[in-house]
Structures are given as structure tokens and as C-alpha cells.
Amino acid sequence: MKAFWGFVRKEIYHILRDRRTLIVILGIPIVEMLLFGFVLTNEIKKVNIAICDLSNDEITKQIIKKLEGSSYFRVTSYLTNIQNVEAIFKEGKVKEVVVFEPDFSRKLTKENHASIELISDASDANFSNLVVNYTSAIISAYTKELNNTLQGSYRIDPQIRMIYNPNLEGVYFFVPGIIGLILMLISALMTSVSIVREKETGTMEALLVSPLKPFHIIVGKVLPYVLLSLLNATAILLMSYFVFQLPVKGSLFLLMLECLLYILLALSIGILISSSTNSQLIAMMVSLVGLMLPTILLSGFIFPIENMPRILQWLCSILPPKYFIIIIKGIMIKGVGLQYIWFETLMLILFTLLFLGLAIKKFKVRLV
Amino acid sequence: MYRVTNLFKKYNQVAALSNISFEVYPNELLGFIGPDGSGKTTLFRILATLLLPDSGEVKFMNYDVVDDFQKIRRYLGYMPGRFSLYADLTVEENLNFFATIYGTSVKENYDLIAEIYSQLEPFRTRPAGKLSGGMKQKLALCCALIHRPTVLILDEPTTGVDAVSRKEFWMLLRKLKQRGVTILVSTPYMDEASLCDRIVLMQKGKIMSTDVPERLIASYPVKLYAAFGDNTYVIKSAISSLPECQMAYLSGRKVHFTMKPSHHPREIAEHLTKLGIENFRIEPIAPTVEDYFIYRMINE
């Protein structure tokens, strides 16, 4: 046991001595949170829009004035024909076209409701989501105003149409994705590289001839990184709370426990990678390409799994990050308990056991 | 200590060791001498339980290197050919680390390494990666010794180390031997052979001979001569082109050569004079292990 702690102490020295890597490890979550947070910002300014007013009456003019009056939009062109919408989007001059149906005022006063169609260029999904939300907000504020002054119960329905990417899903909740990404990256990448480094520098030879058991070597390698990863998870949660006002709705304890499970999973993948190669470069490439990309692309972090082709959906189901992101979203945003996410948790446990088993089986007590 | 019988090892169809048999006696300093690629490292890794032999048997005391590797590892002090300490840990931390993973402490076995470590003491807090080559080897030796091993296996410890440090290192090994440690050491330098109790000459994965260095030299079968001169390259090519010469090679700043039976070196001298070479001198010389090695290599 003393030998084991001696080993852990050595690992901690390695981590602390390599200042640059340590700063990167601790800095990544913060930088990434800020990047994602402010790139996916909900602030828009002076967005070019077009108006297609097929009614051209008092109320539509007022709504247009409201839109122009806000600091968010600038009306750059007026269309007279609905057919021109496609063309103006293709030119890329505007992000949104607001279409008022014919006889807008009459319909509103006689039938109590009228429609405005909001067509937006959703090839830039997040942005178009924001633009549409802002427009809707302005319209509904105007409706309220109208109802107050005229003592009526008018309703203006914004009909939203996203073109080029119809099933737009909110990417709002990037925090779960970042947690999944960072934990996978730090845990798997760092352990695999640190084990392979020992092989590359020849120190593994010295460790192998010692009475240290493979189990001790592996756990000793992994333990400091578990702590480091938990530190990262905490940093992300704190930032999401204080910088982005995103509270954890569910149990914080359960959340940390699930994080720990996911960290163990990532670590066992890292160990497995390290036992399959002798070069730090290969270990790094496999960790980055093999783990980071699936975590970003095939987990529902950025692209909704429901929109993927069937084959990719299956692929997502055999990759662990998907389950972790479902769990995290469940706990943080919906505030659910274990009874709603037991299946995903079970899947993570199974993955962990599988990879850990493979890793221990593949760890060699000899060279080559 | 070790008994090796009919050991074979192949890497991808290429024989690294073939039919190796030898014995290591307790408390001897056994040198394994041979050029790069002669199989020394492979052999040492098998002895250190780091590689599996293809066939043959290797026993350490009564343990088998394949089945009882865990038990053997407690008795072993192994120093791999490459510098294998942690470059980012200090001298002291490296030593402490190797002591703890063997379940002992530096204090407990300090007497064994005291002499070597005292030279490292001034650099205690320096990262191991920033030591000089000779110092690195001394630290590696300390780390391999800190758990008081019964047998010490050193894979080319003096390669890449300057001549003075090499000599010093061998002195340390002699002293360790006096303290009862059995030492197996490999080296590509023939001149280090005379510092061993016994030597195993290796060539292309085979053992050429195993004996006390003096006896190997004594078994040199013919008379050896040396030619001194201004331009040894010219002398060497002149001598080797003569029909009376059996073999000739450069050794340091002189040419070593042997004669075919019933010829005398006087004939060589006459030829050299005829070829217009002046200022040379031919003397009989006592062979060294290197001469023995070359003789065996050429005549086999």
C-alpha cells in the first residue's frame, strides 16, 4: 500500500511539474465555457431584415415602425411579392423576411386575429432562432399595447418558418455538452498520454521489473486525473451558475456522482488506448480524433440525434457521450431524479466495465 | 544464480538469440561483450523477466523466469539500456520513488549506495533530466540498488559515457561485488572485458565463448604482431594484400596482423620496404580480448 501511495505521489509531481500542461488542463474548461457562452450569445444587433407587406395598412405600418425602432433590426428592403423571398435569401442580404398577410387590419379587427409569417435563414441555426425570437417578442409586445389601448382581445400569430434547416433544436444548453467534452478529453487523453510516455521514455521497463502490480500502476496513474477531472467539472458548474445563471435544478450530489462515473469511463478508455500503442503521438491522435469528435458531433451536444440518418443514430447509441449528455441535461435542466435516467446510467456502467475489463486484460506485465 | 539452457528467441522470424546456454555463479561480475545487435539486450530482458523466451529454460535460483516472474522481480535490480528515470523528478525524488515501490526506504539501505550517492548529493534537488551522462548513470545505479537486490543486471551502463566516468563506474561495480552483489553487465567495449571476473562473448545471437578473460587470451592460437608507422591506413592495406598475411586490422594507432603458418613477419617487413613505405616497426604483441574476438569472428 505504501508503494501504491508512493506511485500516486510521483504522478502528482509529474502533473504539478508540467506547468504548461496543467494550465491548459485547468484553462480549457474556462475558455471553452466563455467561448461557447458568448458565441451562442442571445444578444443581436442591427440585423438586416426584409418586409413583405401584402396589406399595407395602419397596423402593419406601426409594427414595421416598432421593428425598425428597436436596436435589433434594420429594414433594408421591402418586397412586394412573396415570390421574391427565396431570391433575397439566396443573395444573403437579409436574415429574416417578415410577411404580413393581405387584409391584415381588417382581419385583426373583424376576426380578432391575423397572421405574420416570419421566414428566416436557418442555415445559421442558432442565429436564426434568436432573430425569430426577438421578432416574436416585439410583435407580442405590440399586441399587448394594442389590446390595452383598444380594450380588445386581438391576437397576432407569428407563423415561424425556418428555411434550410426546418427541425431546428436549441443549442442553448451547451453546458452539458462542454462537461461531457472536457471530462472525456482530460481523462482519456491525459491518462493515455501519461502511460504511453512511460513506455516511450523507458521508465515502464523499470516499473515492470518492480514488485508493483499492474493494478497498482493503473489505479495510481488514474487517481490524480480523477481528482483533476472532478475539479474541472466543479469549475464548469460554478461558471455556468455565476456567469450564465444556469442553476442545477436536480440533485447536485447525483450530478457529481454521474460525472464521476463518466470520468471513470473516460479513464478506462484512456488506459485501453495506452495499452494498444507505444507512441505518445498515436495515443494523442486516437484520443483526439477517436474521442473528441464523436463527443462533439455524435452525442447530441451540437447536432440533434433525432435529425441524423438512421445509421448515425445507431452509432450514437453505441457511443457513451450520448447517454451522459441525456443524464446531465435531465439533472441540470429538467431536474429529474435517478428514476428517469436509470437506463442511461446503467449504460454508462456497462461501458465502464467493458472498457476497464479490456484495459486490464490488455495491460502487459512484460514488454511487447 | 542463473542457469540458462538452450535458449531461443526470435523477433518476426529473425533469430535474436539461438541456443544460448550459460551459468551465473553467485557473487561474480559477469560481462556480456559483443557488438550492437549481438542479442545482449534481448538476453538481459529475458533474464529480467521482461520478455518471454521462445524455447529453452531460464532458472533464477529455483524460480523459472516465465512462471515465477513475480517472485524473481523482488531479487532483481535492473538498469535498462536507455536512461529510464523520471527527468522531471529531482535526484532525491527519483531515489525515494524507487525505494517506496520496492517497499523499502532510502535510509534502510543507504550503506549500499552511500559511496555512489555521496557524489550525487550536491545535485540532490536538481531534476534528473539535467544531470550529465555519467551522473545519470550513477543515479540509475543507485535506483537499481536501493532495494538491496541479490543480482544486478546492467544493460550497457557505460555506453555514451566519457572515458573517465566509465572507469569510475567500473570501480563502483568492483566495490559492489565485494559487498556480495552478483553483477551481470553488458558492454560493446572490448577494453572493459579485463575488468570482469568472467566474460561471455556474443556475436549474432550466439555465444562464442565463456571464460575468464586471461584464459581466453591465453587460448589465442597464433602469434600476433603489431606494425607501427606514420600512415597506418597505407600499412594496413599493404599488409592485407600480401599472400603471407592471414589477417590484418587496425587497432588504435597500429596495425595488428597474423601470419599464415610457416611464414615470418620479416617477410612482411621486406615487402613493405619494397613498396616504398618507410618509418615503420614490427613487434610481436600480446593479444587482448578484442584480438581474440576478431580472430574468432574471422575464422568462423
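Basis of the calculations
Residues numbered from 1 in each chain as written. Chains lettered and ligands numbered in written order. Predicted model: local features only at pLDDT ≥ 70, side-chain atom pairs only at ≥ 80, totals over all residues. Heavy atoms only, no water. pLDDT = per-residue confidence, 0-100. Helix = DSSP H or I, 4+ residues; strand = E, 2+ residues; numbered from the N terminus. Contact = heavy atoms within 4.5 Å. Buried < 20%, exposed > 50% of the residue type's maximum accessible area, 1.4 Å probe, protein only. Pairing = 2+ DSSP bridges. Right-handed = clockwise from strand over helix to strand, strands pointing away. Axes fitted to C-alpha atoms, helices over the stretch in contact; angles between N-to-C directions. Parallel < 35°, antiparallel > 145°, perpendicular 65-115°, else oblique. Left-handed = near helix turned anticlockwise from the far one by under 90°. Nonpolar A, V, L, I, M, F, W, Y, C, P; charged D, E, K, R; others polar.

Looking at the confidence of the model for chain A
Residue and element names in this part refer to chain A. Mean pLDDT over chain A: 82, with 92% of residues reaching 70 or higher. Mean pLDDT across the secondary structure elements of chain A bottoms out at strand β5 (residues 155–163), with 68, and peaks at helix α1 (residues 2–17), with 91. With pLDDT under 50 throughout, residues 165–171 is counted as low confidence; its partners more than four residues away or in other chains account for 14 contacts.

Concerning unusual backbone geometry
Backbone geometry at Asn56 of chain A places phi at a positive 55°, although glycine is not the residue there. Summarising the element assignment, Asn56 of chain A is placed in the loop between β1 (47–53) and α3 (58–69). Phi at Asn27 of chain B is positive, roughly 55°, even though this residue is not glycine. Mapped onto the fold, Asn27 of chain B is located in the loop between β2 (14–24) and β3 (29–33). When its relative accessible area of 32% is taken as the criterion, Asn27 of chain B is described as partly exposed.

Focus: the pairing of strand β8 (residues 182–187) of chain B
All names here are of chain B. Within β8, 6 of the 6 residues are buried, leaving the element largely enclosed by the surrounding structure. On β8, burial covers both faces: Thr182, Leu184 and Ser186 on one face and Ile183, Val185 and Thr187 on the other are all buried. Bridge count between β3 and β8: 5 bridges; the pairing is parallel. Directly across from Leu29, in β8, lies its bridge partner Ile183. When strand β7 (residues 151–154) meets β8, the two strands line up parallel, connected through 4 bridges. Residue pairing across strands places Leu154 opposite Val185, the latter belonging to β8. With helix α6 (residues 163–178) bridging β7 and its parallel neighbour β8, the resulting β-α-β unit is right-handed.

Looking at the packing of helix α7 (residues 174–201) of chain A against helix α11 (residues 280–297) of chain A
The description of two packed helices rests on the angle between their axes and on the distance between the axes. Residues and elements named next belong to chain A. Look at α7 against α11: their axes get within 9 Å of each other, and the N-to-C directions meet at 165°. When the axes of α7 and α11 are compared, the pair comes out roughly antiparallel. Taken as a pair, α7 and α11 cross one another with a handedness that is right-handed. Touching Gly180, Leu181, Met184, Leu185, Ala188, Leu189, Ser192, Val193, Val196, Arg197 and Glu200 of α7 are Gln280, Ala283, Met284, Ser287, Leu288, Leu291, Met292, Thr295 and Ile296, all from α11. Looking at the contact of α7 with α11, its residues break down into 13 nonpolar, 5 polar and 2 charged.

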